[in-house]
Amino acid sequence: MPRSQDPSLPELPALQPTWLAVVRAYHLCDQVLTRRLADLGLKTSEHEVLVNLLLYPGSTQQQLGAHLFAAKSVVSSLVTKLEARGLLERAADANDARIWRLHLTRTGHQLARRALAVQIEVVTAMGEGSNATDNARLVATLDRVSAILQAMP
């Protein structure tokens, strides 16, 4: 489709195709993960909680929120739902009773391992055709872009 010839429209930045490529890749990754996790009875956000607790057992909700880039209320809701499903449990911290540590149940642990396998499969496929130098360059570029975006008001 040809672009509008309206002269009052601003010129798009040279990075527009790069931005669109990042957004497209993110959405496609999200779509693939969503489909494959649905086969396990999981939403992407639930997968993130379970995999993070598999990798970092005993995390607090605050620590989990930092890993998920999610608000406290979102994490609290997810934890409550997953606890009700018997996938995780809360335990008081041995040194501070005000802190709750989160642990996977046996069922949660098994499901988290299956969800992690899905994630690994998708991430591995995403890297096909790339080498370590390509990956390092992409990470460095996206980290720089993230720092710029975080500094914006």
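Our subject is the structure listed above.
Just so you know, these numbers come straight off a predicted model, no measurement behind them. (Residues numbered from 1 in each chain as written. Predicted model: local features only at pLDDT ≥ 70, side-chain atom pairs only at ≥ 80, totals over all residues. Heavy atoms only, no water.)

Participant: Hey, could you run me through the environment of leucine 53 in this one?
Facilitator: Mapped onto the fold, leucine 53 is located in helix 2 (residues 44-55). Each C-alpha atom, one on leucine 53 and one on glutamine 5, is 53 Å from the other, the two residues being 48 residues apart in sequence. (Helix = DSSP H or I, 4+ residues; strand = E, 2+ residues; numbered from the N terminus.)

Participant: Looking at this structure, how should I read the side chain of histidine 47?
Facilitator: Relative to the helices and strands, histidine 47 resides in helix 2. Histidine 47 gets classed as buried once you look at its relative accessible area, which sits at 0%. Contact partners of histidine 47, with chain neighbours within four places excluded, come to Leu37, Leu42, Ala115 and Gln119. (Buried < 20%, exposed > 50% of the residue type's maximum accessible area, 1.4 Å probe, protein only. Contact = heavy atoms within 4.5 Å.)

Participant: Looking at this structure, I do not really get unusual backbone geometry. What am I missing?
Facilitator: Peptide bonds are trans in most cases, and residues, glycine excluded, mostly fall at negative phi. One non-glycine residue, phenylalanine 69, lies in the positive phi region at around 55°. Among the structural elements, phenylalanine 69 can be located in the loop between helix 3 (61-68) and helix 4 (72-84). By relative accessible area, which is 79% here, phenylalanine 69 ends up exposed.

Participant: I keep staring at helix 3 and nothing clicks. Help me out?
Facilitator: Turn by turn, an α-helix covers 3.6 residues, leaving residues three or four places apart pointing in a common direction. Listed in full, the buried residues belonging to helix 3 are Leu64, Gly65 and Leu68. Projection of helix 3 onto a plane perpendicular to its axis shows the buried side chains occupying an angular sector of 100°, all on one side. Away from the buried face of helix 3 by more than 90 degrees, exposed residues Gln62 and Ala66 are located. In the core, the buried residues of helix 3 are packed alongside helix 2, helix 4 and strand 2 (100-104). (Arc of directions from axis to C-beta.)

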